[in-house]
Amino acid sequence: MTHANQCSTISRVRDSASMDQNDLTTLKNWFDGYCASFSTPRTEDQRNFTIKHDHTHEVCLNAVRIAADLRLDPRQALLAETIALFHDVGRFPQYRQYKTFDDSISVNHAALGAKVLLENNVLSGLSTRDQDVIIRAVTLHNVFTLPEGLDDETLLFARLIRDADKLDILRVVIEYFKQEEGGRAEAVALGLPDLPGYSEDVLACLRRGEMAKKDMLTTQNDFKLLQLAWLYDLNFTSSLRMVRERRVIDAMAGLLPGDDKIAGAVEMVRGYVEKRVRNG
Ligand SMILES: [Fe+2]
């Protein structure tokens, strides 16, 4: 049975009722089946698929925690988890076709994810309102900055998934650089060369509290600096508390060259996170 058929057998006409826990279970089952359909005996490719499957699970946990900290209502908490479940669904066809997670040389994986959900009628059992907010948040999860003029609910869920996602990408990147080279899921570091230097422009972005753009990256150290700068883009105090609990800054600092300029920028980020947590 195809995924589309599986979904059509469970679809119901539902124009107004909110999603419930059973809906989420059905959607999780669809996601697991979809991931399994990409499994391959090619070790390197499977490693990249597995890393995205595991990333999705962790992003779901982050989203659930942020939703609880924000005291979202039951419907909103389920939507937050559903958006986390599907935010990177486009990574699977992206990697299968292009063998990369670099959108700039392949395809926008967020738009592709929305297309996968729509073409397979994955959300057809949900109300139109719930479907719309899921598709919008999935589509917006990877934009550099959110557009102006979003409605309140789209803004809430877009901010939430962006935080939940960044928090786990930091984990993935830290684990990636801790691993021996032969065991790494190579698509994580976007194919950047592992050279000892770094770009002054990327470091300057970090010092200004700004996010660097991916096209500025020249080495893997730049990639690590970009990841640290993401901490300035986190929306919720809950997310910054998780950064502190998980000792993300220490872990990233341990992966970077130990010069004074980098140490100074790292301390600026640390000061920012501490202040945000203190101020609630
Ligand atoms: Fe993503």
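All chains use their own residue numbering, which begins from 1 and follows the written sequence. Only residues with pLDDT of at least 70 are given local features in this predicted model, and only at 80 or more are side-chain atom pairs given and counted; all residues enter the totals for whole chains, interfaces and linings. Neither water nor hydrogens contribute to the side-chain values; these are computed over all heavy atoms in the structure.

S.K.: What is the right way to look at the packing of helix H6 (residues 109-119) against helix H7 (residues 128-140) in this model?
M.R.: The geometry of a pair of packed helices is captured by two quantities: the angle between their axes and the separation between those axes. To obtain each axis, a line is fitted to C-alpha atoms, and for helices this fit is confined to the stretch in contact; angles are then taken between N-to-C directions over 0 to 180 degrees. The helix and strand labels rest on DSSP assignments: H or I over at least four residues marks a helix, E over at least two residues marks a strand, and numbering proceeds from the N terminus. Running from amino to carboxyl end, H6 crosses H7 at an angle of 155°, the nearest separation of the two axes being 7 Å. By the angle between their directions, the pair H6 and H7 is classed as roughly antiparallel. Here H6 and H7 pass one another in a crossing that is right-handed. Contact residues: H6 offers Ala 110, Gly 113, Ala 114, Leu 117 and Leu 118, while H7 offers Ile 135, Val 138 and Thr 139. Residues were grouped as follows: Ala, Val, Leu, Ile, Met, Phe, Trp, Tyr, Cys and Pro as nonpolar; Asp, Glu, Lys and Arg as charged; and all remaining residues, including Gly, as polar. Taken together, the residues of the contact of H6 with H7 sort by class into six nonpolar, two polar and no charged. Just so you know how the angles are binned, under 35 degrees is roughly parallel, over 145 roughly antiparallel, 65 to 115 roughly perpendicular, and the rest oblique. The hand of a helix crossing depends on one turn: near helix anticlockwise from the far one by less than a right angle means left-handed, and clockwise means right-handed. By definition, residues are in contact when any of their heavy atoms lie within 4.5 Å.

S.K.: Explain helix H11 (residues 237-245) to me, please; I cannot follow it from the model alone.
M.R.: Given 3.6 residues per helical turn, the α-helix brings residues three or four places apart onto the same face. The buried label goes to any residue with under 20% of its type's maximum accessible area, the exposed label to any with over 50%, and the partly exposed label to all in between, with areas taken from a 1.4 Å probe on protein chains only. The complete set of buried residues in H11 reads Thr 237, Ser 238, Ser 239, Leu 240, Met 242 and Val 243. On its buried face, H11 sits against helix H3 (43-69), helix H8 (152-178), helix H12 (248-253) and helix H13 (260-279). Once H11 ends, the next one or two residues include Arg 247, with phi positive near 50°.

S.K.: How do you make sense of unusual backbone geometry when you look at a structure like this?
M.R.: Residues apart from glycine generally show negative phi values, whereas peptide bonds are mostly found in trans. The phi torsion at Lys 99 lies on the positive side, around 60°, for a residue other than glycine. Mapping Lys 99 onto the fold places it in the loop between helix H5 (91-98) and H6. Residue Lys 99 is classed as partly exposed on the basis of its relative accessible area of 42%. In this structure, Arg 247 is a non-glycine residue whose phi angle is positive, near 50°. By the secondary structure assignment, Arg 247 is in the loop between H11 and H12. The exposure class of Arg 247 is exposed, given its relative accessible area of 57%.

S.K.: What's the story with the pattern of salt bridges in this structure? I'm lost.
M.R.: Where charged atoms from two side chains of opposite charge come close, those side chains can pair. By definition here, a salt bridge exists when the distance from a side-chain nitrogen of Lys or Arg to a carboxyl oxygen of Asp or Glu is within 4 Å. Applying the stated criterion across every chain yields a total of 25 salt bridges. Across the salt bridge formed by Glu 175 and Arg 171, the nearest N and O atoms sit 3.2 Å from each other. With Glu 175 and Arg 171 both in helix H8, this residue pair falls four residues apart, about one helical turn. Given the relative accessible area of 43%, Glu 175 is considered partly exposed. A salt bridge links Arg 208 to Glu 210, with the shortest nitrogen-to-oxygen separation between them at 3.2 Å. Overall, the relative accessible area of 37% leaves Glu 210 in the partly exposed class. Linked through salt bridges whose partners overlap, the residues forming this network are Lys 52, Asp 88, Arg 91 and Asp 103.

S.K.: Would you mind showing me how to read the packing of aromatic side chains here?
M.R.: Between two aromatic rings, the relevant description is the distance of the centres plus the angle of the planes. Pairing of aromatic side chains requires ring centres within 6.5 Å, counting the rings of Phe and Tyr and the six-membered ring of Trp. Pairs whose planes differ by under 30 degrees are stacked, by over 60 edge-to-face, and all others tilted. Across all of its chains, the model carries 14 aromatic pairs by this definition. Measuring from ring centre to ring centre gives 4.9 Å for Tyr 34 and Phe 38, while their planes differ by 70°; the resulting arrangement is edge-to-face. Each member of the pair, Tyr 34 together with Phe 38, is buried. Both rings, one in Tyr 232 and one in Tyr 272, keep their centres 4.8 Å apart while their planes meet at 55°; by these two values the pair is tilted. Of the two residues, Tyr 232 is situated in the loop between helix H10 (220-229) and H11 and Tyr 272 in helix H13; the sequence distance between them amounts to 40 residues. By relative accessible area, which is 17% here, Tyr 232 ends up buried. Geometrically, a charge over a ring is one whose NZ (Lys) or CZ (Arg) sits within 6 Å of the ring centre while staying within 35 degrees of the ring normal. Here Lys 52 stacks its cationic end above the ring of Phe 101, 4.8 Å away from the centre of that ring.

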